[in-house]
Amino acid sequence: MKITRKPNERTILMYSLFDSTIAAVSTPRGKGGIAVIRISGGGALPICEKFIHPKSGAPLSDIKANTACLAAVSASDGSILDEAVITVYRAPRSYTGEDTVEISCHGGILLTEAILSRALECGAAPAGPGEFTRRAFSAGKLSLSEAEAVIGVIEAETRASLLLSRKNLDGGIRRKTDELYDRLKAVVSGVYAAIDFPDEELSQMSTEEIRSELALIGSQLERLCDSYKTGHAVCEGIRTVLIGKPNTGKSTILNLFAEKERAIVTDIAGTTRDVVSEVVTAGAVTLRLSDTAGIRSTSDAVESIGVAKSKEALSEAELILAVFDAAAPFDEEDAEVLALIRERAAEGAAVIAILNKNDLPEKADAARLEKELGTAPVRLCAKEKQSRGALVKIIENMFVNGDLGAEDHTVITNARQFAAASEALAHVGDAATALDSFGADIACTELEAAMARLGELDGRQVTADVVDSIFHRFCVGK
């Protein structure tokens, strides 16, 4: 099933109209000052009138849109469950594009469930994960990238991820994809018009003009694809592993990043026997950081399992923090670590070599590290708090490009968006090749494919399975 919409459509639903009215608690489960129950759909007002009675005496359907009123919420036997603030939104000027009623009641767990049960008893259906936002997407209230940004805003773990998600919720990606889509459409429509109506005096782009336009579109798509390095680092987080032989200070560095005693630190080699993981922030970057058992040959069965897990974590790492003891001569265990790192670096992993314990006389072979890894090691003492800032600066320089707050800086933030943009870029490149080899009409076939990929990126043309997978990531009530 393909779902299509016109860009910036605001009134036509992409799906068949929803025939159910849904209800869910939209605030986290637990005790609090208030809880919010949201009811949305064509039957929202008739359903709510069965158990919500405004203090003014007027029926709920007479309440002016986008205003709040105080009302009694009744149980099935007529007793009062609560006095609540009721807000009425009318289609199409609501979050979902449908009639919506929000009940702000006292935030007790039992009370909230009782009011939700009353809404269901009166005819509402339980909302699924993300169903309110899915209806907003279906009504053209949000593009697919804006809907994904809703998740980003909710799940943001850093100020930087909140900033990017907020920009995309405001239409940052949508505006860029609309621009590129329209430029591709202009090339395709111009070429096909000239082919279909050869006798008309239609303005036709020359081959050179088409080539120039494709180069410009390609460069913008390439920049969009490149932005995923930043978006992934900020919003999804980089799989990062601390690796080295025993007793180099890996756990101390984990604690340095976590800014708490997350891992046990002793002078005894082999203290860490398992992978210890923590999500930490490094400036604008999120690190999904794992401390691992020291790499060495050992007869200890438990430590051997830890070493095997260390190598497994290394094989999945996007960033490797390789820790060496600055105060110890380079030995066979260091050489083994270095060989493992070089192998992963060749596969595309980023590497930062750290010479720890630089408060002691240096005995490590720093020149060898620089020669084999192609970059100078970072000298620091993990026991000193200022070392964190030095590492953060290096990591930000590796993964964050440009000013995240710049208005014209568009950043894609997840793998689905990146895949669609990458495929669009590939089709534009193939179109440029076809233009020279087979002519403009064949090139346009590739450009139509590029437009389809951009349509998938922002929801103009997207399968129902993709939509389902995105909105199932939401919590119920959003």
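These figures come from a predicted structure and were not determined experimentally. (Residues numbered from 1 in each chain as written. Predicted model: local features only at pLDDT ≥ 70, side-chain atom pairs only at ≥ 80, totals over all residues. Heavy atoms only, no water.)

Working note: α-helix, 3.6 residues per turn, so residues spaced by three or four point in the same direction. Among the residues making up helix α11 (residues 366-373), those that are buried are A366, L369 and L373. Across the axial projection of α11, the buried residues extend over an arc of 60°, all falling on one side. For α11, the exposed residues set more than 90 degrees away from the buried face come down to A367 and K371. Where α11 is buried, its residues touch β12 (319-325), α10 (332-346), β13 (350-356) and β14 (378-379). Immediately beyond the C-terminal end of α11, within one or two residues, lies G374, with a positive phi of roughly 80°. (Buried < 20%, exposed > 50% of the residue type's maximum accessible area, 1.4 Å probe, protein only. Helix = DSSP H or I, 4+ residues; strand = E, 2+ residues; numbered from the N terminus. Arc of directions from axis to C-beta. Contact = heavy atoms within 4.5 Å.)

Turning to the packing of aromatic side chains, a few remarks are in order. All told, the structure shown has three aromatic pairs when counted by the stated rule. Measuring from ring centre to ring centre gives 5.9 Å for F137 and F471, while their planes differ by 40°; the resulting arrangement is tilted. One end of the pair, F137, is in helix α3 (residues 131-138); the other, F471, is in helix α15 (residues 464-471), with 334 residues separating them in the sequence. As far as burial versus exposure is concerned, F137 and F471 are alike and both buried. Considering the side-chain rings of Y228 and F418, the 4.8 Å spacing of their centres and the 20° angle between planes classify their relative orientation as stacked. In this pair, Y228 is assigned in helix α7 (residues 207-236) and F418 in helix α13 (residues 415-437), connecting sequence segments 190 residues apart. What makes Y228 buried here is its relative accessible area of 13%. (Phe/Tyr/Trp six-rings, centres within 6.5 Å; stacked < 30°, edge-to-face > 60°.)

For strand β11 (residues 285-291), a buried count of six out of seven residues is recorded, marking the element as mostly surrounded by other parts of the structure. Relative to β11, strand β9 (residues 238-243) is paired through five bridges, and the arrangement is parallel. Looking at the pairing, R239 lines up with R288 of β11. Across seven bridges, strand β10 (residues 276-282) lies against β11 in antiparallel orientation. Pairing of A282 across the sheet is with V285, part of β11. Connecting β10 to the antiparallel partner β11 that follows it, the hairpin turn spans two residues, and G283 within it adopts a positive phi of roughly 65°. (Pairing = 2+ DSSP bridges.)

This next bit is on the packing of α3 against α15. At a minimum axis separation of 10 Å, α3 and α15 run at an interaxial angle of 140°. Between α3 and α15, the angle falls in the class oblique. Considering only the axes of α3 and α15, their crossing is right-handed. Counting all contacts with α3, which are made through T133, R134 and F137, the residues of α15 involved are V467, D468 and F471. For the contact of α3 with α15, the class distribution of residues is three nonpolar, one polar and two charged. (Axes fitted to C-alpha atoms, helices over the stretch in contact; angles between N-to-C directions. Parallel < 35°, antiparallel > 145°, perpendicular 65-115°, else oblique. Left-handed = near helix turned anticlockwise from the far one by under 90°. Nonpolar A, V, L, I, M, F, W, Y, C, P; charged D, E, K, R; others polar.)

Overall, the predicted model of the protein chain reaches an average pLDDT of 86, with 88% of residues at or above 70. Here residues 1-16 scores under 50 on pLDDT; set against residues more than four positions off or in separate chains, the count is 46 contacts. Ignoring residues within four places in sequence, the model shows residues 263-273, a span with pLDDT below 50, making 28 contacts including any to other chains. (pLDDT = per-residue confidence, 0-100.)

Across the sheet, six strands lie side by side as β10-β11-β9-β12-β13-β14; this open sheet has mixed pairing. Since the sheet does not close on itself, it has two edges, and those belong to β10 and β14, each with one partner. Where α11 meets the sheet, it contacts β12, β13 and β14, and its direction lies at approximately 180° from that of β13.

Moving on: the nonpolar core. In this structure, F257, V285, L287, L319 and I395 are the most contacted members of the largest nonpolar core, which totals 33 residues. Aside from chain neighbours lying at most four places away, what touches F257 is V280, A282, L287, L289, L321, R388, L391, V392 and I395. Core analysis: the second largest hydrophobic core is formed by 28 residues, C69, V88, L111 and C122 among them. (Core = buried A, V, L, I, M, F, W, Y, C linked by side-chain atoms within 4.5 Å.)

With an omega of 0°, the peptide bond between A91 and P92 qualifies as cis. With respect to the element layout, P92 can be found in the loop between β6 (80-89) and β7 (100-107). With phi around 65°, N247 is a residue other than glycine that occupies positive phi space. The class for N247 is partly exposed, based on a relative accessible area of 32%. The phi dihedral of K357 is positive, around 70°, even though this residue is not glycine. With respect to the helices and strands, K357 occurs in the loop between β13 and α11.

Taking strand neighbours across the sheet as the criterion, the seven strands line up as β4-β5-β6-β7-β3-β2-β8 in an open arrangement whose pairing is mixed. Edge positions in the open sheet fall to β4 (52-54) and β8 (125-126), since each of these has one partner strand only. With two bridges connecting them, strand β2 (residues 22-25) and β8 associate as parallel partners. Bridge assignment links A23 to a residue of β8, and that residue is P126. Packing against the sheet, helix α2 (residues 109-121) makes contact with β2, β3 (32-40), β5 (67-74), β6, β7 and β8, and its axis sits at approximately 155° to β7. In the packing of α3 onto the sheet, the strands contacted are β2, β3 and β8, and the crossing angle to β2 comes to about 135°.

Close approach of charged atoms lets side chains of opposite charge pair. Within the structure shown, the criterion is met by 29 salt bridges. For R183, the salt bridge identified is with E213, shortest N-O distance 2.8 Å. You can see R183 sitting in helix α6 (residues 172-196) and its partner E213 sitting in helix α7, a full 30 residues away along the chain. Judged by relative accessible area, R183 falls into the partly exposed class, the value being 23%. Connected through shared salt-bridge partners, K176, E179, R183 and E213 make up one network. (Salt bridge = Lys/Arg side-chain N within 4 Å of Asp/Glu carboxyl O.)

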